[in-house]
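Close look at the chain arrangement
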Amino acid sequence: MPSPTSLPQRADDALLRQSWERCQAFSYSLSQEPQDLSQGALRQLLEQQHNLLHHSAAAVHELAVQVRPHHSLVLLCDAQGTVLQQAGDPHFLQRAERVALRAGVSWAEHHRGTNAIGTALFTGQAIRIHGQQHFLPGNRILSCHGAPIRNPYGHIVGVLDISGPADLEHRYALDMARLYARQISRQMLKSLCSPQHRLLHLHTDPSLLEGPLSGRLLLEGDTIVAADELAASLLGQDWQKLPGMELDDALELARQHQRSAALHVRPSPTTRPATLARAPRSQDRLLSDDQQDVLEPALRAMNMGLSILLSGESGSGKEVLARELHRRHRAQPGPFVAVNCAALPESLIEAELFGYEAGAFTGARRQGYAGKLRQANGGILFLDEIGDMPLTLQSRLLRVLQEREVQALGSEQTHALDFRLISASHQPLEELVRQGRFRADLFFRLQDYICRVPALRERTDLGEHILSELARLSEHHGTPRLHQDALLHLQNYDWPGNYRQLRSVLLQILVQDRPGRIWRAADLPALPQLNPQQTAPAPAHAAAPIAIPTASNQRERENAALRAALAQHNGNISQAARALGLHRSTVHRRLKELEATATASGHRPESRESAWQ
């Protein structure tokens, strides 16, 4: 193996120097061309690491979206340094492949020399290894940032790494790796909640007990069962020694060692022991690629201070998208306050939004109520189903949005407001304005940027989503097996209830499932046909042959076949794809190519929305 150059002069960090010394001691065993696991061995490893992969899924996905514009990758590794998963910029992935930064390869120090993954595992600390600091010359195209992932008992179970090209500055990557590794650990802790366990928040400042920087303790009776990193730090204890300690003893030791500030403890407001051990709700699913496409411009609009109007069918995930915008919008880190204008009685909406003074009306709280507008100060106000807001209140809301101050019922005092506004409606607000049911001036105030949320049936990966959602819902049971005709039936259904309806159908399948059963299309729960124009999907064998017009070359024949299939199936992309033997995503791509060709040639293409629904 080629001898590595000496450690860069400016790299005086003790952890880095010690790592190089270790690598020099066993440099004879290092390999520039590491051995990959076989596909079978990798599959077995992924099955063994199911728990880590499950609890890391949301964090890896969210982090990958954030690092992709910076030409970087997120890598999830096990406790031996083997890469389990990578996500992020596909272009940089090609460069990373040259140095074996891929699933199935071990990046432990004794395999790949000094690097962020292996060195973080050896030291138990988050570390940045940039360019020339890598021991092996071939790895010096990388800038890597690794943070250990610890389970709720303080033991290292993996590493979260952000890697990018060494010729770019990645100033905040190490902090982000630390943050998301801590988030994964906390997700593991929450999964241990049960009717016998209670989750406590811990902090020196009582006003921060429910914030992201509070520590978490899991208790059985008065005994600590598990904890997170922040709780161990606040208590001044070795994380691995906390399980088994009595809470009072741990707090007393903390008082003795930290005389400057008392610790405050409060039960978690989100702990619902009966449900935390189950799989997350359907609305907590990861965003699809289609939703990501509409999310990014909406986030840019929010960063410019614009109001966002989410338009989409009921059940299409408008609140999920709104919460995702809140999570990614760093300029307004305050609370996410949601108000469903359709769920509140008309008589209560005004008090709920604007608040009231004590004694303002019969039944008012003795201490008064601040109202949702003031609660959202510094954060995000989400007005769901804004189209159902009474006309009498629309003018008052408009004034609040213009003046950015609110006056509670029964009060002479005004309060300044600073929040971002997201509204949502399944009704077309323009039509409500024409009908006189919605104020035009409020409509224009709400729709600085209109974001259309795609319906479930528009997902290009609908089949894959149905299978993954079924597997997620049946996490603690055997996953039902769907025959291909059943999956096609579900793919071709119109889903008028969107994600809510899909979850209901999948739960019915789960309840009625039995060992060895294979679900055929005829066995599926009844799917109501709410659209009078909609007909049940035809079986695959019943599809009539497609008449394909003659054309001069292969590409034109393919395009003609595509148009004919869409015409025959009334624009239903799923049915047309099945008739042509293509995947839905392929049909979507071909349609985009057709539109681009028509635009480039100067012909205005027919609206895809109207022609190819």
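Presented here is a report on the structure given in the accompanying data block. (Residues numbered from 1 in each chain as written. Predicted model: local features only at pLDDT ≥ 70, side-chain atom pairs only at ≥ 80, totals over all residues. Heavy atoms only, no water.)

Considerations on the overall build of the chain
For the chain, the helix and strand inventory stands at 24 helices and 18 strands. For the chain, with 613 residues in total, the buried portion stands at 47%. For the chain, the exposed area adds up to about 30500 Å²; of that, 50% sits on carbon and sulfur atoms. (Helix = DSSP H or I, 4+ residues; strand = E, 2+ residues; numbered from the N terminus. Buried < 20%, exposed > 50% of the residue type's maximum accessible area, 1.4 Å probe, protein only. Areas by Shrake-Rupley, 256 points an atom, 1.4 Å probe, with all protein chains shown as cover.)

Remarks on the environment of Gly379
Tracing the sequence through the fold places Gly379 in the loop between helix H14 (372-375) and strand S12 (380-384). Look at Gly379 and you get buried, because its relative accessible area is 0%. Placed 50 residues apart in sequence, Gly379 and His329 show a C-alpha to C-alpha distance of 9.4 Å.

Remarks on the sheet that holds strand S11 (residues 336-340)
Across the sheet, which stays open at both edges, the 5 strands sit in the order S11-S12-S15-S10-S16 with parallel pairing between neighbours. Bordering the open sheet on either side are S11 and strand S16 (449-452), each of which pairs with just one other strand. Pairs of neighbouring strands in the sheet enclose a mean axial angle of 20°, with direction left out of account. (Pairing = 2+ DSSP bridges. Axes fitted to C-alpha atoms, helices over the stretch in contact; angles between N-to-C directions.)

Digging into the packing of helix H18 (residues 462-473) against helix H19 (residues 484-492)
At a minimum axis separation of 9 Å, H18 and H19 run at an interaxial angle of 115°. Here H18 lies roughly perpendicular to H19, going by the angle between them. Of the two possible hands of crossing, H18 and H19 adopt the one that is right-handed. Contacts from Leu462, Gly463, Ile466 and Leu467 of H18 reach H19 at Leu487, Leu490 and Gln491. Here the residues of the contact of H18 with H19 are counted per class, giving 5 nonpolar, 2 polar and no charged. (Parallel < 35°, antiparallel > 145°, perpendicular 65-115°, else oblique. Left-handed = near helix turned anticlockwise from the far one by under 90°. Contact = heavy atoms within 4.5 Å. Nonpolar A, V, L, I, M, F, W, Y, C, P; charged D, E, K, R; others polar.)

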